[in-house]
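# Chain and residue survey
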Amino acid sequence: MNKIINNKPDLLIVGSGPVGCVIAERAANIKKWNVLIVEKRNHIAGNCYDEKNNSGVLIHKYGPHYMRFKKKKIFNYVSKFTKWINGNYIVKSNIKGKLYPIPINLTTLEKFFNKRFKNKREAKKFIDSKKVRIKKIKNSEDFILSKLGKEIYDNFYKNYTIKQWGIHPKNLDKSIVGRLPIRFNRDPFYVNQKLKVMPKNGYTSLFKNMIDNKKIKICLNTSYEDIKELIKPKIATIYTGPPDIFFKHKYGKLKWRSLEFKFKTKKKDKIQECVQINFPNHKKYTRRVEIKHVTKQKSKYSTLSYEFPNSKGDPYYPINDKRNINIFKKYEKLIKKLEKKHIYFEGRLAKYMYLNMDEVIERALNLFNKLKKKYN
Ligand code: FAD
Ligand code: UDP
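Presented here is a report on the structure given in the accompanying data block. As the structure is a computational prediction, the values presented were derived from the model and not from experiment.

The rules behind the values
Residues numbered from 1 in each chain as written. Chains lettered and ligands numbered in written order. Predicted model: local features only at pLDDT ≥ 70, side-chain atom pairs only at ≥ 80, totals over all residues. Heavy atoms only, no water. Buried < 20%, exposed > 50% of the residue type's maximum accessible area, 1.4 Å probe, protein only. Helix = DSSP H or I, 4+ residues; strand = E, 2+ residues; numbered from the N terminus. Arc of directions from axis to C-beta. Near = heavy atom within 4 Å. Polar contact = N/O pair within 3.5 Å; in protein donor to acceptor, adjacent residues only side chain to side chain. Areas by Shrake-Rupley, 256 points an atom, 1.4 Å probe, with all protein chains shown as cover. Core = buried A, V, L, I, M, F, W, Y, C linked by side-chain atoms within 4.5 Å. Contact = heavy atoms within 4.5 Å.

### Details of helix H9 (residues 203-210)
Every buried residue of H9 is accounted for by Tyr203, Thr204, Leu206, Phe207 and Met210. Projected onto a plane normal to the axis of H9, the buried residues spread over an arc of 160° and lie on a single side.

Here it is as structure tokens:
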């Protein structure tokens, strides 16, 4: 610790998730800045962290991470630090003991309504007869009722959403359920992006490669709050943690949805038929994940992870209701002012936004470009 404190970095980065690692990498390689990352956990890679468990199975400690890229440019950047394998993520939903493809597609509709559709048009016409006519779509419930009707809403979305968020879909923005595509073809994959890939040796290895530079020092098990008075960077601070903690809850606490993960390992090559099975209407957990389907690891063992939503615990999902949006807006004003003091906020926690990995990586690259111009 003392060694770290004596070392006066150009850049201080709080958090070693994707945002912290990308900015550290760019700053060290492009600008030759000395970077110090402080990370309160005992490992790098933020919520993307993966590790081998006692049976040697590579697990995603903080929930399954399915990498997909909207932009080739971002994919090209991350490709410098890893080789890839295909990311053919398949998810099914367990409704009364039967498995249906998720996102909803033609096969789901046929199986659920016990019908055969000759083509997309026929399926769309059938669903038109099920849709609830709603003039102004105000929330997640309206969104699904107006696109797929009551039976699909009740069976696939309503209770999953209540379990996941502890909030009724009536009180959630439509963008939450809108994350899932709705399809009238037979595309079985979880995400629409063509560029869906998994890092061949895992995420921790990817981010380790990214920050493998003598100019980057990392101090694990260290909170910003413990060192902020001791370390004054020469150029700037990048903060990727929750804003309310930074400002000592001046405007109140921001709410987050958290998860508890329970892992079970079996001596079996595979335990379930696809990487993720959702349980909207029964069980206390929302989904059961067997990550080996997508890591493609060779092992005699496999591990299931059960996700139990929780309002306490690590911050995972920002809750975008009116109360929290208003609190965040107040913090945002303070955040803007801090830029004059060379402190910048970025990432899923710091921006209180439901962002995917490719999105935070793009935002981190943009922030670096801004810093590069400003601090020549
Ligand atoms: P984080 O990864 O959260 O990293 C922030 C780091 O900062 C953490 O390590 C934290 O310990 C540290 N930190 C915070 N405060 C302090 C402090 N005061 N002092 C020191 N250190 C601090 N994205 C996808 O693209 N595909 C997916 O399938 C996917 N699945 C997900 C599943 C779950 C359950 C969750 C929670 C997220 C998922 N994501 C997924 C999103 C992905 O995890 C995030 O986009 C990404 O991790 C955000 O990176 P970040 O650097 O902003 O934050
Ligand atoms: N969702 C649902 N049923 C499902 C899957 C998802 O109702 O079988 C809803 C739920 O509200 C969830 C949202 O869609 O929070 C987004 O799902 P996604 O799988 O993208 O969530 P994440 O992987 O980020 O947890």
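What follows continues from the structure just given.
### Observations regarding the site of ligand 1
Lining the immediate surroundings of ligand 1 are 34 residues, of which Glu39, His65, Tyr66, Leu355 and Met357 lie closest. Residue Tyr224 places a main-chain N or O atom 3.0 Å away from a nitrogen atom belonging to ligand 1. Note that an oxygen atom of ligand 1 is positioned 2.9 Å from one of the backbone N or O atoms of Arg348. In isolation ligand 1 offers 1000 Å² of accessible surface; the protein chains occlude 97% of this area.

### Details of the nonpolar core
Within the largest apolar cluster, 111 residues are counted, with the highest numbers of intra-cluster contacts made by Leu11, Ile23, Ile152, Phe156, Tyr157, Phe207 and Phe345. With eight residues, helix H14 (residues 357-374) is the single largest residue contributor to this core. Ignoring sequence-local partners within four residues, the contact set of Ile23 consists of Leu11, Ile13, Ile238, Ala364, Leu367 and Leu371. By size, the runner-up hydrophobic cluster in this structure holds seven residues, among which are Cys274, Phe279, Tyr285 and Tyr306.

### So, helix H6 (residues 140-148)
Of all nine residues making up H6, eight are buried, and the element is well covered by its neighbours. Buried within H6 are the following residues: Ser140, Glu141, Asp142, Phe143, Ile144, Leu145, Ser146 and Leu148. Tucked inside the fold, the buried residues of H6 contact helix H5 (120-128), helix H7 (150-165) and helix H8 (174-177). Where H6 begins, the side chain of Asn139 points an oxygen toward the backbone nitrogen of Glu141, at a separation of 3.0 Å. A positive backbone phi angle near 85° is found at Gly149, which sits one or two residues after H6.

### Some details on the site of ligand 2
Close contacts around ligand 2 come from 15 residues, with Thr161, Trp165, Tyr190, Tyr317 and Tyr354 the closest. Arg179 is positioned such that a nitrogen or oxygen atom in its side chain is 2.9 Å from an oxygen atom of ligand 2. At 3.0 Å from an oxygen atom of ligand 2 is found a side-chain nitrogen or oxygen belonging to Arg287. Protein coverage of the free-state accessible area of ligand 2, which is 520 Å², stands at 95%. Of all elements in the fold, only H7 and H8 reach the threshold of two or more residues within the shell around ligand 2.

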